[in-house]
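Observations on the three-dimensional arrangement
So you can see what is in the structure, the chains are spelled out below.
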There are 2 protein chains.
Amino acid sequence: MRIVIPLYEGFTALDAVGPYEVFRLVPGAEVVFAGPEPGPVRDAPGHLALVADVALSAIDSCDVLLVPGGPATRRLVHDDALTGWIRRVHATTAWTTSVCTGALLLGATGMLQGLRATTHWAAADVLEGFGASYTAERVVFQGKIVTAAGVSSGIDMALALAERLAGRTVAEAIQLAIEYDPRPPFDSGSLTKAPQKVKDFVESGGLRR
Amino acid sequence: MRIVIPLYEGFTALDAVGPYEVFRLVPGAEVVFAGPEPGPVRDAPGHLALVADVALSAIDSCDVLLVPGGPATRRLVHDDALTGWIRRVHATTAWTTSVCTGALLLGATGMLQGLRATTHWAAADVLEGFGASYTAERVVFQGKIVTAAGVSSGIDMALALAERLAGRTVAEAIQLAIEYDPRPPFDSGSLTKAPQKVKDFVESGGLRR
């Protein structure tokens, strides 16, 4: 089973690495990081590069496609080379998935037209521009297309998909192996839970990106 | 504020990248990935390499040290060059932290002697061999030393530390930015919660590593 994660300059690292850590433990899975060309690909703030071992052009099919998000997606929805590659590979997959604003890249191919989908809360309007119905859920399955909400949600999505790929016992075993028993110290992880002053702080650009 | 994450061949990627995605959003933080030498460093299964931008030998101090875990730690506890580096840098930090079996590397320096600490559940006995008292908690603060449990726990630890570094509003804003409102599809993320057949499957080596 080949699982491909395409990288591009300006992606968000956890979008890719959260699901990766789940998928790599699925028996029989080979996870491949791909990029514009083989070599390091920098994330959005630029502190971290992941290595793409294969060029996108060398991949024309896979069993599971996982498209991570990142600030660069706002621009890349207009990149016909990337969205064309996603569209072609999607035609071959058993599952096509996204994390965070990776959903915008799926949207740009047209594949979300008329479907429910999720993305980072701050990108809901952009997603709807591609004909999808934004759904404020953590993970949304629509046929073989699976979208996950912002950044950290990819872990939840990958576990849900692991069950479908390898069964419940394996998926629960992976959860135990990565000791995923989350205990956030606060409860501000969604727009409906975060205090107003926290939302104001984020929306005023208080966090650098 | 300089935050350093040392990488070594055979680390676990999410141990490093989970906290990274939190720390990089702390205002004023510079996160540096370091390695034996600058260049790609492969994780445990070898599907993924992260790039170390700086050699460990070029770093003699930092504000926050985060030591990720991985299968290689069982061997690296005997690597005097690495543990010596950790010991020297620890003398300069405001916070010294570990995720998963990164705690074994802290333990090998002697710094956990007589302290409560946590690590991946499967490494509890090894941790106790370094004079620490294994504590089955998600995150354990002991003075400036902070240990986190297995793999995914680094996200919880980093958010708790972000509050101490930058205040509650900033930490909650980071949680919102990474949409960390976890919804695991199962509830088998700890030894006390996983069904017996899942524990048996993991302990019999059912998951490749």
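Source: prediction; values computed, not measured. (Residues numbered from 1 in each chain as written. Chains lettered and ligands numbered in written order. Predicted model: local features only at pLDDT ≥ 70, side-chain atom pairs only at ≥ 80, totals over all residues. Heavy atoms only, no water.)

**Some thoughts on the sheet that holds strand S10 (residues 139–142) of chain A**
By definition, the strands of a sheet pair up through backbone hydrogen bonds, in either a parallel or an antiparallel sense. Residues and elements named next belong to chain A. What the seven strands build is an open sheet, ordered S5-S2-S1-S6-S7-S11-S10; its pairing is mixed. Of all the strands in the sheet, just strand S5 (54–55) and S10 have a single pairing partner and so form its edges. Bridge count between strand S2 (residues 30–35) and S5: two bridges; the pairing is parallel. Across the sheet, glycine 35 pairs through a bridge with alanine 55, a residue of S5. Here helix H1 (residues 13–23) sits on the sheet and contacts strand S1 (2–6), S2, strand S6 (64–67) and strand S7 (95–99); the angle it forms with S6, its principal contact strand, is near 150°. Along the sheet, helix H6 (residues 153–166) contacts S6, S7, S10 and strand S11 (145–148); its crossing angle with S7, the most-contacted strand, is approximately 165°. (Pairing = 2+ DSSP bridges. Helix = DSSP H or I, 4+ residues; strand = E, 2+ residues; numbered from the N terminus. Contact = heavy atoms within 4.5 Å. Axes fitted to C-alpha atoms, helices over the stretch in contact; angles between N-to-C directions.)

**Notes on the packing of aromatic side chains**
For the structure on display, the rule yields six aromatic pairs over all chains. Plain terms: the ring middles of Tyr8(A) and Phe11(A) are 6.4 Å apart, the flat faces sit at 80° to each other, and that makes the pair edge-to-face. Across the pair, Phe11(A) and Tyr8(A) agree in class, each one buried. Ring geometry for Trp95(B) and Phe141(B): centres 5.9 Å apart, planes at 90°, overall edge-to-face. Here Phe141(B) lies in strand S10 (residues 139–142) and Trp95(B) lies in strand S7 (residues 95–99), a separation of 46 residues in the sequence. It is Arg164(A) that lies over the ring of Phe141(A); its NZ or CZ is 3.8 Å from the centre. (Phe/Tyr/Trp six-rings, centres within 6.5 Å; stacked < 30°, edge-to-face > 60°. Buried < 20%, exposed > 50% of the residue type's maximum accessible area, 1.4 Å probe, protein only. Lys NZ or Arg CZ within 6 Å of the ring centre and 35° of its normal.)

**A word on the interface of chain A and chain B**
Interfaces are often sized by the accessible area lost when the parts come together. Contact with chain A, which involves 74 residues of that partner, is made by 74 residues of chain B. In terms of surface lost to chain B, no three residues of chain A exceed Leu176(A), Glu179(A) and Phe186(A), which account for 13% of the buried area on that side. Between the two partners, chain A and chain B, sit four salt bridges. Where Lys193(B) meets Asp181(A), a salt bridge forms, and the shortest distance between an N and an O atom there is 2.6 Å. For the pair chain A and chain B, the interface holds 40 residue pairs in polar contact (both at pLDDT 80 or more). (Buried area = accessible area lost by both parts, 1.4 Å probe. Salt bridge = Lys/Arg side-chain N within 4 Å of Asp/Glu carboxyl O. Polar contact = N/O pair within 3.5 Å; in protein donor to acceptor, adjacent residues only side chain to side chain.)

**Considering the UniProt feature "domain: DJ-1/PfpI" (unreviewed entry) in chain A**
According to UniProt, the positions carrying the feature "domain: DJ-1/PfpI" (unreviewed entry) are residues 1–163 of chain A. Between the end C-alpha atoms of residues 1–163 of chain A the distance is 14 Å, and the span holds 30% helix and 26% strand. (UniProt positions renumbered as here; feature names shortened; annotations may be inferred.)

**Considering the relation of the copies chain A and chain B**
Of the transformation superimposing chain A on chain B, the axial component is 0.0 Å and the angular component is 180°, with the fit at an RMSD of 0.0 Å. The superposition operator between the copies reduces to a two-fold rotation axis. For chain A, the smallest separation between a C-alpha atom and the rotation axis is recorded for Leu50(A), amounting to 2.3 Å. A share of 100% of the interface residues of chain A reappears at the interface of chain B, consistent with the copies meeting face to face through the same patch. (Least-squares fit on C-alpha atoms with pLDDT ≥ 70 in both.)

**Let's talk about the sheet that holds strand S11 (residues 145–148) of chain B**
Residues and elements named next belong to chain B. Spatially, S5-S2-S1-S6-S7-S11-S10 is the arrangement adopted by the seven strands of the open sheet, whose pairing is mixed. Strands at the two margins of the open sheet, each flanked by one partner only, are strand S5 (54–55) and S10. The strands touched by helix H1 (residues 13–23) within the sheet are strand S1 (2–6), strand S2 (30–35), strand S6 (64–67) and S7, with S6 carrying the most contacts at an inclination of about 150°. Helix H3 (residues 80–90) contacts S1, S6, S7 and S11 of the sheet and is inclined by roughly 155° relative to S6.

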